[in-house]
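Observations on the three-dimensional arrangement
Next come the chains, spelled out residue by residue.
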Amino acid sequence: MKVFLKILPILFLLVSCSNDDYEPLYTNNPELSINIPVGFPQVNNSFYTNKPTKYGVALGEKLFHEKRFSADNTISCASCHIQSSAFADNNVQAIGIEGRIGLRNTPPIQNLAFMRFYNWDGSKLSLENQPIVPIITHEEMDSSILEVIGKIQNDAAYKELFQKTFGDENITPERIYRSIAQYEYTLISDNSKYDKVKRNEATFTENEMQGYQVFQQKCASCHSTELFTDQSFRNIGFPINTNSNEAGRARVTGNMDEYMSFRVPSLRNVEYTAPYGSFGQFTTLKDVLDYFDNGVIEADNLDPVFKNNGNRIPLTEQEKEHLISFMKTLSDVEFTGH
Amino acid sequence: MKNLKKYLLLSAVSLAFVSCSSDDDAPVANNVTLSFKNTFGDTEIVLGGATSSTASVNTSDAGQVHRFSELKYVISNIRLVKADGTEVPYNVNDLDKGATVVNHANPSTLNYVMSNIPTGEYKQIKLGLGVRSDLNTLDQTRFPNFYATAGANDTEMMWEWGTGYRFTKIEGFYDTDNKQMSIHTGSTVEGSEGSYTQGVDAYRNIVLDLPQNAVVGSKAPKINIKADFDKLLSGAYNTITLSTGTGMGDNATPNIHTAVQMVKFVDNIGGNGTTDNKGMFSVLNVEN
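Remember, it's a predicted structure, so these values are computed and weren't measured experimentally.

Thresholds, definitions, all that
Residues numbered from 1 in each chain as written. Chains lettered and ligands numbered in written order. Predicted model: local features only at pLDDT ≥ 70, side-chain atom pairs only at ≥ 80, totals over all residues. Helix = DSSP H or I, 4+ residues; strand = E, 2+ residues; numbered from the N terminus. Buried ≥ 20, exposed ≤ 12 C-beta atoms within 10 Å, placed from the backbone. Contact = placed C-beta atoms within 7 Å. Domains from an automatic or database assignment. Nonpolar A, V, L, I, M, F, W, Y, C, P; charged D, E, K, R; others polar. Core = buried A, V, L, I, M, F, W, Y, C linked by C-beta atoms within 7 Å. UniProt positions renumbered as here; feature names shortened; annotations may be inferred.

Secondary structure summary: chain B contains four helices and 16 strands in total. The buried share of chain B, reckoned over its 288 residues, is 41%. The long-range share in chain B, meaning contacts at least 24 apart out of those at least 6 apart in sequence, stands at 71%.

Below, the structure is given as structure tokens:
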């Protein structure tokens, strides 16, 4: 026993040394069990190094709603990522502090644990690297991470949550980013009528079924998998955003073949995320389908789906109606609180 | 015993000698100043707007006149190479102490003073145009001063969406009708060095031989470095014709704040990163 007591401090020393490069899992903060829906793609690798925990998620949710993230304390993540809109909003382009207009349409925050790319141009590959961007961007929160920490560090509620999550009260940038990512990992939408039909808990109406068939024939090559996106980047000839910061995926890669290409959007909860397009070019789903039907803008790198079909996806009025019926079966009233 | 005394005496004398010589003549270290001369060819650039009568006007190889209203770039990762080949890094892992934003509009930024450079003769300087990817993370906790400098309203050297710094920021006008040009460069890489999974690295390592050795010791030498922005459009790699529009080939504005057209400008001013390590830079002279 005596010997054990003697070596105990040494053991502690060894443990703390080896733990230097990652957050030790605080023992009173259990991992949450996340239900991976059947048929969903594999989770992002970052998930495994930042698994949602009971208090990490609670802290992340509180931070997600924290208006002190913005320079003038008016805007939180949740100001643009609104639950009833599948954690997107209904503005054409995102609106930051003082009414500043952002470059693009707010992306929904749903099923991100299963995504390989984040943002419409895939600029980020792990969620933990994303929260700093809106915090510092002039058109969004226009603050800095140390300014944020300065504002919240004496808040007793935060002290308690950081303590419970990480074992001490220290508020660090890393811990903020990781907590928010943990919360976002839990935002899984898998309980739409479509899901229930798949689970034999419901049946499509005649119109929905017709729409599903048109969808599989004319849409599913891009809007594939149970996320309804293959996560590829494509130029589909939508009206172009002339802002000098916009080049689509090519903004990141510099690859001309990806000029004005954007990540295929998930269609889950699409009913709630109008307007559509990278900068909200289309007010309704009908507008989008009409545009496909009428023909899109020509481009050297226009996606073959259009290029090989006269730059359009021909759709009859009835097909459009059916498609919209089907797309509405992807609405998850539980997830969005409708 | 007699011998031992001799040795002791000798040691004492030599010790005194050593301490004398270091006190009087050569300190162990001194400053080295890097003085940046931003030019079009041999003429120092005068900034100015579209209607300015004093702004330097340059003509590119493609025949386009152009002028700058704003000119900034980041220098980091500075290393001095001694005559014997030893490399002396200057706070290369600390942006607060080893990086600077050269802002042509602010004369005090044109002279970067490096302190505590070990006494010796130096034959070469290496520096980074931009910020190495491993440090290019907007880490405010680690480098609060550089973060503040880069983010200041009169600097604007942050590339928020790429979570990194802008490496160069050039605003100006081109062609006889003074169309706007706006050229920003920065890195968009994700992943770790050697295994980037996506993006473009706009950092360039510059290697410049000094025409005469910089002698650090009792004096603090000054190295005059020319940055010839004529190369921006008329470089060793790309003869660039500026154009304005929304097509993927347009490069003056818009589309220049992205990785699409950026690499051509980066290669011209920073070298291609492999065979050319000079780009627009050269050493004019060393003031010892």
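Past the structure itself, the notes keep going.
Residues and elements named next belong to chain A. On domain assignment, one finds that chain A holds domain 1 (24–185) and domain 2 (193–336). Relative placement of domain 1 and domain 2: their C-alpha centres are 26 Å apart. Each side of the interface is counted separately: domain 1 has 27 residues, and domain 2 has 27 residues. Within the side of domain 1 that touches domain 2, the residues separate by chemical class into 12 nonpolar, 12 polar and three charged.

Right, let's talk about the environment of B:Val46 for a bit. Residue and element names in this part refer to chain B. Within the secondary structure, Val-46 sits in the loop between strand E2 (43–44) and strand E3 (58–59). The exposure class of Val-46 is partly exposed, given the 14 C-beta atoms found within 10 Å. Considering only alpha carbons, one finds Val-46 and Val-57, 11 residues apart in sequence, at a separation of 8.7 Å. The contact partners of Val-46, leaving out residues within four places of it in the chain, are Thr-54, Ala-55 and Ser-56.

Below, the discussion takes up the nonpolar core. Generally speaking, a soluble globular protein has its nonpolar side chains buried in company with each other. Counting 129 residues, the largest nonpolar core has A:Leu112, B:Val32, B:Val74, B:Ile75, B:Val131, B:Tyr165 and B:Phe167 as its most contacted members. With seven residues, strand E4 (residues 65–82) of chain B is the single largest residue contributor to this core. Composition of this core by domain shows at least three residues from each of domain 1 (24–185) and domain 2 (193–336) of chain A.

Moving on to the UniProt feature "binding site: heme c 1" (unreviewed entry) in chain A. Residues and elements named next belong to chain A. Following the UniProt record, one finds the feature "binding site: heme c 1" (unreviewed entry) at Cys-77, Cys-80 and His-81. Examined against the element boundaries, Cys-77 turns out to sit in helix H4 (residues 77–80). Residues contacting Cys-77, with those up to four places away along its chain left out, are Phe-64, Phe-69 and Pro-134. With residues near it in sequence (within four places) discarded, His-81 still touches Phe-87, Ala-88, Thr-106 and Ile-109.

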